[in-house]
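# Reading the structure
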Amino acid sequence: MIEVAGLAKRFGAIEAVKDVSFSVKPGEIFGFLGPNGAGKTTTINMLCTLVTPSAGSAHVNGFDVLHERSDVRRSIGLVFQQTTLDEYLSADQNLRFHGYAYGIPAELRERRMTELMEMVDLADRRRGSVRTYSGGMKRRLEIARGLLHHPKVLFLDEPTLGLDPQTRRHIWDYLLRLREQEGLTIFLTTHYMDEAEYSDRIAVIDHGRIVGLGTPDRLKRGVGGDLVTLRTTNGQAAAADIHDRYDVEATVHEEMVNFTVPNGEEFLPEFVKSFDHPLQSIGVRRPTLDDVFLHLTGREIRDTELDAQEQMRQGMGRRRMHG
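Let me begin by describing the structure that accompanies this report.

Here is what the cut-offs are and how they apply
- Residues numbered from 1 in each chain as written.
- Predicted model: local features only at pLDDT ≥ 70, side-chain atom pairs only at ≥ 80, totals over all residues.
- Heavy atoms only, no water.
- Axes fitted to C-alpha atoms, helices over the stretch in contact; angles between N-to-C directions.
- Helix = DSSP H or I, 4+ residues; strand = E, 2+ residues; numbered from the N terminus.
- Parallel < 35°, antiparallel > 145°, perpendicular 65-115°, else oblique.
- Left-handed = near helix turned anticlockwise from the far one by under 90°.
- Contact = heavy atoms within 4.5 Å.
- Nonpolar A, V, L, I, M, F, W, Y, C, P; charged D, E, K, R; others polar.
- Pairing = 2+ DSSP bridges.
- Phe/Tyr/Trp six-rings, centres within 6.5 Å; stacked < 30°, edge-to-face > 60°.
- Buried < 20%, exposed > 50% of the residue type's maximum accessible area, 1.4 Å probe, protein only.
- Lys NZ or Arg CZ within 6 Å of the ring centre and 35° of its normal.

### Here's the deal with the packing of helix α3 (residues 91–101) against helix α4 (residues 106–119)
- Where α3 meets α4, the axes come as close as 10 Å, and the angle between the chain directions of the two elements is 135 degrees. Taken together, α3 and α4 sit at an angle that is classed as oblique. In this structure, α3 meets α4 at a crossing whose hand is right-handed. Residues Ala 91, Asp 92, Leu 95, Arg 96, Gly 99 and Tyr 100 of α3 form the contact with α4, whose participating residues are Arg 109, Glu 110, Met 113 and Met 117.
- Residues of the contact of α3 with α4, tallied by class, amount to five nonpolar, one polar and four charged.

### Concerning the environment of Leu 7
- Within the secondary structure layout, Leu 7 lies in strand β1 (residues 2–11).
- With 87 residues separating them along the chain, Leu 7 and Asn 94 place their C-alpha atoms 34 Å apart.

### Some details on the sheet that holds strand β5 (residues 63–64)
- Read across the sheet, four strands follow the order β2-β1-β4-β5 without closing on themselves; strand pairing throughout is antiparallel. Whereas interior strands pair on both sides, the edge strands pair on one side only; in this sheet they are β2 (14–24) and β5.
- The pairing of strand β4 (residues 55–60) with β5 spans two bridges and is antiparallel. Looking at β5, one finds that His 59 is bridged to Asp 64.
- Along the sheet, helix α1 (residues 40–47) contacts β1, β2 and β4; its crossing angle with β1, the most-contacted strand, is approximately 120 degrees.

### Overview of the packing of aromatic side chains
- By the definition in use, this model includes 13 aromatic pairs.
- Here Tyr 246 and Phe 267 contribute two aromatic rings whose centre-to-centre distance is 5.2 Å and whose plane-to-plane angle is 75 degrees, an arrangement assigned as edge-to-face. Of this pair, Tyr 246 sits in helix α9 (residues 235–246) while Phe 267 sits in helix α10 (residues 264–274), placing them 21 residues apart in sequence.
- Take Tyr 246: its relative accessible area is 27%, and that puts it in the partly exposed class.
- Sitting over the ring of Phe 11, Lys 9 keeps its end group 5.3 Å from the ring centre.
- Of note, Arg 168 hangs over the ring of Tyr 192, and the distance from its end group to the ring centre comes to 3.7 Å.

### Notes on the pairing of strand β3 (residues 29–33)
- β3 sits mainly inside the fold: five of its five residues count as buried.
- Here β3 shows two buried faces, one formed by Ile 29, Gly 31 and Leu 33 and the other by Phe 30 and Phe 32.
- Here β3 runs beside strand β8 (residues 185–189); their pairing, made up of three bridges, is parallel. Following the sheet pairing, Phe 30 is matched in β8 by Phe 187.
- Examined bridge by bridge, β3 and strand β9 (residues 201–206) share four bridges and lie parallel to one another. Within the sheet, the bridge partner assigned to Leu 33 lies in β9 and is Val 204.

### Description of the sheet that holds strand β11 (residues 226–232)
- Within the open sheet, the four strands sit side by side as β12-β13-β11-β14. Their pairing is antiparallel. What marks the edges here is a single partner per strand, and that holds for β12 (251–253) and β14 (279–285). The average angle at which neighbouring strand axes cross in this sheet is 25 degrees, direction not considered.
- Of the strand pairs in this sheet, β11 and β14 are connected by six bridges, and their pairing is antiparallel. Across the sheet, residue Thr 229 finds its bridge partner in β14, namely Gly 283.
- Contacting β11, β12 and β13 (256–261), α9 crosses the sheet at an angle of about 15 degrees to β13.
- This element, α10, spans β11, β13 and β14 of the sheet and lies at about 160 degrees to β14.

### Concerning the pairing of β13
- In terms of burial, β13 is a largely internal element, five of the six residues being buried.
- In this structure, β11 lies alongside β13, joined through five bridges in antiparallel fashion. Within the sheet, the bridge partner assigned to Val 228 lies in β13 and is Phe 259.
- Taking the residues that link successive antiparallel strands as the turn, the β12-β13 hairpin has two residues, and the phi of Glu 254 there is positive, at about 50 degrees.

### Side note on unusual backbone geometry
- Even without a glycine there, the phi angle at Thr 49 is positive, about 65 degrees.
- As for its placement among the helices and strands, Thr 49 is situated in the loop between α1 and β4.
- Thr 49 gets classed as buried once you look at its relative accessible area, which sits at 1%.
- If you check the backbone angles, Asp 247 has positive phi at about 55 degrees while not being a glycine.
- Mapping Asp 247 onto the fold places it in the loop between α9 and β12.

Coordinates in, geometry out; function isn't part of it.
Okay, here's the thing in structure tokens:
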């Protein structure tokens, strides 16, 4: 459904995306993760024809993003980080305007609107002003709008950013149901690692390059075993001793020493007995996608959220400029 080969984008002397290649299968949920400034938003904008590639090629639903832009745009639905709804219009009016823009015949448009509003549980509020909607209701309406013209691919750029955990879960209940009912391919970026777990496969991008690609389980296995995390009075000295004694790479992040070993629960008792530094805390657990992100990029995903609002503002500015 999506084929990307050697894709690159330069902004003057800055190479934002460097030789990126991947493919997305029909019906797949594909997660695209990376720190702010890593190139993921630029990549998405190229796939959605909002930014022109500097090199390489990309096809969406079989159409070239450079030479068949209109066909690509008819093939995709978009849900941005920030709402793009007209809040002074009703839900029906927002959807109807979208239908006009895509040239959907009136009878088909009205039938599709009814179907989608029922699907996202907004049928009883469809004539109400959008400004009276909660954040979760607005996001559900945006998803319905993005699906109105029967797209083959739905791009979700931080679809639940700023929503509470319960609303996020409800949004994902709708998305998973829509994938089954619509045969939809979903291309997702998110800061929430629990959401990334819904992905069939995940690509991690850092400094403009793909640094990891695979299923969530495969990426977790790539971390190298069970994760041991401890706190002591001198993390750097402890990390050096662990490396010398056990021949494993130990890192220090926010005063915590981290390393991986096979069979962590069996390893831990003997380790505690022989450890020469005063232990303040210690634990062992299976790797998570947060650990994968840290392992591949050297940063925790929450560290990348600090300038998320600024990135959202910049992204909206670019969309208006290229719209």
